[in-house]
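Secondary and tertiary structure notes
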Amino acid sequence: MEEGSTRRVTCSILSVDHTDMFYRVCAVCERTLSDPTFICHSSNPPSKRLFRILMSVATDTEVLTVVCFDRVARLLFGCSADEFFHFAKLNPFSGVTLNEVMEGEMFTMILSKSMNANAQHIRVASAVPLSSSFQPAIQLLKQCYQTPHAS
Ligand SMILES: [Zn+2]
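- Looking at an unreviewed UniProt entry, one finds the protein named Replication factor A C-terminal domain-containing protein, with Sphenostylis stenocarpa as its source organism.

Here is the structure:
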């Protein structure tokens, strides 16, 4: 695979690293806030979380560790990173359950290898579920935890 190249693979999810799924950005300009006390506007707007998720996926020939950023992760999870964070806080085992509900789920993914030498991981540029009965993770988790009144 050449630098900056993309390729399409069919793969299934092996595991999701649920211990480190988020990063914080400024809610106004979406600049990454590596230091949570950092303020980039004098009006001190709130920060928000975005998804950055490492996952292992298996193609028919190899196992890859890929990183899934917010746009794609929202489709897989069916909610915003902040929403998932608060759900996980109320349901401490949801990270483990997340792996149970996502393991084996098959996707057609477009994988992109960054030209940026600092980018360590192959990025998921898009992920389309193969199953027509695919449900986003948050819906499956809510069924597991039986919170019918939560939307
Ligand atoms: Zn800002």
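1. Let's talk about the overall build of the protein
- When its secondary structure is counted, the protein shows four helices and six strands.
- For the protein, the N- to C-terminal ordering of α and β elements is β-β-β-β-α-α-α-β-β-α.
- Scaling as 2.2 N^0.38, a compact globule of 151 residues should have a C-alpha radius of gyration of about 15 Å, and the protein matches this with 16 Å.
- Each of the three principal axes of the protein carries a C-alpha extent, and together these read 50 × 45 × 20 Å.
- Counting the 151 residues in the protein, one finds 21% classified as buried.
- If you take every contact in the protein between residues at least 6 apart in sequence, the share linking residues at least 24 apart comes to 63%.

2. Remarks on the environment of Arg24
- Inspection of the secondary structure puts Arg24 in strand β2 (residues 22-26).
- In the structure, Arg24 is positioned 58 residues away from Asp82 in sequence and 9.8 Å away in space, judged by C-alpha atoms.

3. What to know about the packing of helix α3 (residues 94-102) against helix α4 (residues 137-145)
- Interaxial distance between α3 and α4 falls to 10 Å at its minimum, and their mutual angle equals 115°. Regarding the angle of α3 to α4, the classification is roughly perpendicular. Crossing of α3 over α4 shows right-handed handedness. Side by side, α3 and α4 meet where Ser94, Thr97, Leu98, Val101 and Met102 of the first sit next to Ala137, Leu140, Leu141 and Cys144 of the second.
- Grouping the amino acids of the contact of α3 with α4 by side-chain chemistry returns seven nonpolar, two polar and no charged.

4. Things to note about unusual backbone geometry
- Phi angles above zero are rare outside glycine, and Glu30 is one such case at about 60°.
- Tracing the backbone shows Glu30 in the loop between β2 and β3 (47-58).
- Judged by local crowding, Glu30 falls into the exposed class, with 12 C-beta atoms found within 10 Å.

5. A word on helix α1 (residues 70-77)
- Residues Val72, Ala73, Leu76 and Phe77 constitute the buried set of α1. Relative to the axis of α1, the buried residues are bounded by an arc of 125° and lie together on one face.
- Buried-residue contacts for α1 involve β3, β4 (63-69), α2 (81-90), β6 (122-129) and α4.
- Following α1 by one or two positions, Gly78 adopts a phi angle in the positive range, close to 75°.

6. Description of the pairing of strand β1 (residues 6-16)
- Here β1 pairs with strand β5 (residues 106-112) via seven bridges, running antiparallel. What sits directly across from Thr6, in β5, is Ser112.
- Note: β1 against β3, four bridges, orientation antiparallel. Pairing of Ser15 across the sheet is with Ser56, part of β3.

7. As for α3
- Where α3 is concerned, the buried positions are Ser94, Leu98, Val101 and Met102. The buried residues of α3 occupy an angular sector of 90° when projected down its axis, which confines them to one face. Opposite its buried face, α3 presents the exposed residues Val96 and Glu100, each directed more than 90 degrees away.
- On the buried face of α3, the contacting elements are β1, α2 and α4.
- Phi for Gly104, located one or two positions after α3, is positive at around 85°.

Quick notes on the rules
Numbers given to residues run from 1 along each chain, matching the order in which its sequence is written. Per-residue local features are limited, in this predicted model, to residues with pLDDT of at least 70; the limit for side-chain atom pairs, both in listing and counting, is 80 or more; totals at the level of whole chains, interfaces and linings are taken over all residues. Put simply, DSSP H or I for four residues or longer makes a helix, DSSP E for two residues or longer makes a strand, and each gets a number counted from the N terminus. Only the C-alpha atoms count toward the radius of gyration. The rule for a globule is 2.2 Å times the residue count to the power 0.38. Three exposure classes are used, all based on how many other C-beta atoms lie within 10 Å of a residue's own C-beta (placed from the backbone): buried at 20 or more, exposed at 12 or fewer, and partly exposed between those limits. By definition, residues are in contact whenever their C-beta atoms, placed on the basis of the backbone, come within 7 Å of each other. Here the axes come from fitting lines to C-alpha atoms, over the contacting stretch only for helices, and the angles between their N-to-C directions go from 0 to 180 degrees. Should an angle lie under 35 degrees it is considered roughly parallel, over 145 roughly antiparallel, and from 65 to 115 roughly perpendicular; all remaining angles are considered oblique. Handedness of a helix crossing follows the sense of rotation of the near helix relative to the far helix, less than a right angle counterclockwise being left-handed and clockwise being right-handed. Under the grouping applied here, Gly and all other residues not named as nonpolar or charged are polar, the nonpolar ones being Ala, Val, Leu, Ile, Met, Phe, Trp, Tyr, Cys and Pro and the charged ones Asp, Glu, Lys and Arg. The reported arc concerns the directions from the helix axis to the C-beta atoms and nothing else. Only strands joined by at least two bridges in the DSSP assignment are considered to pair.

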